[in-house]
Amino acid sequence: MTQKLKTFREQMSSLVMALPDCAFYQYKYLLTHRRMCRFHQPQRFSEKIFHRMRYPSPLFSRLADKIEVRSYIANTVGPQYLVPAHLITERVVPETFDELPKSFVMKANHSFGQLRIVHDKYDEDPAELACLANLWMTSEFPMRMREKHYRYIRPRIIFEHALLTERRPPDDFKFNVFNPGPGQKPYIFIQHMQGRFEHLTQDLYLEDWRPAPFQLLHQKTSGRPAPRPDQLDEMLQIARRLAEPLGYMRVDLYLHQGRIYVGELTLTPGAGRYIFDPKEWDGLLGTKFGWPEPALREDLPTSGSGTTAATVRVATLE
């Protein structure tokens, strides 16, 4: 029975992936939100995210590219907020790791979740790491939900400095920034993520660090409020400035040893599968999501590292 069920699910998955856009997105939206999506006039937060997935601005690809976006971050808020990078490459071989420090983070620039923390490279098999990295570059995982802007990112691998304390990654602060329109104050809620790769929890706060009046379904909370970060005002300033051109953006920040780092910028969080409790917040947040979005400029600065060469050494850390 288990094998038959697995075969059935695989067949259904293949059928769903073969659907044309008009049917695919409605099926996925209905499956998640139990209603139809109004693509012609999106109003809810979830509808506007699905609209972005279906009709992305060309600029979204550059903002979602973990390499290309580094120049936008550096020019908008300053290079001091970038996670130091060691190497960017389009091809990883076992010898690649000879150039890297003992500890580092390896991740793909064109997707999410394809990340490996290497605590000690001498405990790793370089051939296995190279195989994993090259597999990531051929993966089309984001296209399972047809987040189309990922399709136009040139796959590469970036090796970054590992932000670790006692072998653990720092807390993750995801700033969801809503820009209702000219002359209106942004609305922000923060996802505070703790225990990545172990026992992940997330708690939601408003920008004054009061608990948010809503939760996200299927997410485990820590059960206890966290102290207000000393750097919260600076993090809010960074998030507002980076998100300013758009009606909505999620700005992911790390706080490590008193310093703030920008992890990535997210345009379609959860592939449109954020389910709010109470559910009316899907509509309320939709009203704060400026729409239609402003005409987006396509002249963001491009990254000077790795745009033409196959492998570029970016930084050397002591």
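The rules behind the values
- Residues numbered from 1 in each chain as written.
- Predicted model: local features only at pLDDT ≥ 70, side-chain atom pairs only at ≥ 80, totals over all residues.
- Heavy atoms only, no water.
- Helix = DSSP H or I, 4+ residues; strand = E, 2+ residues; numbered from the N terminus.
- Buried < 20%, exposed > 50% of the residue type's maximum accessible area, 1.4 Å probe, protein only.
- Areas by Shrake-Rupley, 256 points an atom, 1.4 Å probe, with all protein chains shown as cover.
- Pairing = 2+ DSSP bridges.
- Axes fitted to C-alpha atoms, helices over the stretch in contact; angles between N-to-C directions.
- Salt bridge = Lys/Arg side-chain N within 4 Å of Asp/Glu carboxyl O.
- Polar contact = N/O pair within 3.5 Å; in protein donor to acceptor, adjacent residues only side chain to side chain.
- Contact = heavy atoms within 4.5 Å.
- 1 Å grid on protein atoms, 1.4 Å probe; cavity = no way out; pocket = protein on both sides within 12 Å on 5 of 7 lines; lining within 4 Å.
- Points joined across faces, edges and corners; volume = space filled by probe spheres on them.
- Nonpolar A, V, L, I, M, F, W, Y, C, P; charged D, E, K, R; others polar.

Trainee: Just to check I follow, could you spell out the overall build of the protein chain for this structure?
Mentor: Assigned secondary structure in the protein chain consists of eight helices and 12 strands. Taking all 318 residues of the protein chain together, 52% fall into the buried category. When the accessible surface of the protein chain is split by element, carbon and sulfur atoms take 53% of a total near 16,100 Å².

Trainee: Just to check I follow, could you spell out the pairing of strand E1 (residues 85-89) for this structure?
Mentor: Both faces of the sheet carry side chains from a regular strand, because those side chains alternate between them. For E1, the buried fraction is high: five of the five residues fall into the buried class. Note: E1 against strand E4 (residues 157-160), four bridges, orientation antiparallel. Bridge pairing links isoleucine 88 to isoleucine 158 in E4.

Trainee: For this particular structure, what's the right way to read the sheet that holds strand E7 (residues 201-206)?
Mentor: Read across the sheet, five strands follow the order E7-E6-E5-E9-E10 without closing on themselves; strand pairing throughout is antiparallel. Bordering the open sheet on either side are E7 and strand E10 (259-266), each of which pairs with just one other strand. Taken over all neighbouring pairs, the strand axes of this sheet differ in orientation by 25 degrees on average, direction set aside. In the sheet, strand E5 (residues 172-178) pairs with strand E6 (residues 187-194) via seven bridges, with the strands oriented antiparallel. Looking at the pairing, valine 177 lines up with isoleucine 188 of E6.

Trainee: Just checking my understanding: could you explain the pattern of salt bridges for this structure?
Mentor: Side-chain pairs of opposite charge can arise where the charged atoms are in close proximity. The full count for this structure, using the stated rule, is 20 salt bridges. A salt bridge links arginine 35 to aspartate 282, with the nearest nitrogen and oxygen atoms 2.6 Å apart. In this pair, arginine 35 sits in the loop between helix H2 (21-33) and helix H3 (45-54) while aspartate 282 sits in helix H8 (residues 281-288), placing the two residues 247 residues apart along the sequence. Residue classification places aspartate 282 among the buried positions, given a relative accessible area of 4%.

Trainee: It is not clear to me how the side chain of arginine 146 should be interpreted in this structure. Could you clarify?
Mentor: Tracing the sequence through the fold places arginine 146 in the loop between helix H6 (126-138) and E4. A distance of 2.6 Å separates a polar side-chain atom of arginine 146 from the backbone oxygen of leucine 19. When sequence neighbours within four positions are dropped, the list of residues in contact with arginine 146 reads Val16, Met17, Ala18, Leu19, Pro20, Asp21, Phe24, Tyr25 and Met53.

Trainee: Can you walk me through the layout of surface pockets in this structure?
Mentor: Leftover empty space is mapped by rolling, across the atoms, a probe with the size of a water molecule. Estimated volume of the largest pocket: approximately 970 Å³. If you go around the largest pocket, you meet 36 residues; those closest to its centre are Phe112, Gly113, Lys174, Met193 and Arg250. Within the residue set of the lining of the largest pocket, elements represented by two or more residues are strand E2 (104-108), E5, E6, strand E9 (248-256) and E10.

Trainee: What exactly am I supposed to notice about empty space enclosed by the protein here?
Mentor: This model, assessed by the stated rule, comprises three cavities of 30 Å³ or more. One number sums up the size of the largest cavity: a volume of about 150 Å³. Going through the elements one at a time, E2 and strand E3 (115-118) are the ones with two or more residues in the lining of the largest cavity. By volume, the second largest cavity is sized at about 60 Å³. Going through the elements one at a time, helix H5 (69-76) and E10 are the ones with two or more residues in the lining of the second largest cavity. Of the residues forming the lining of the second largest cavity, the biggest block, three residues, is contributed by H5. Its residues placed into classes, the lining of the second largest cavity shows five nonpolar, one polar and four charged.

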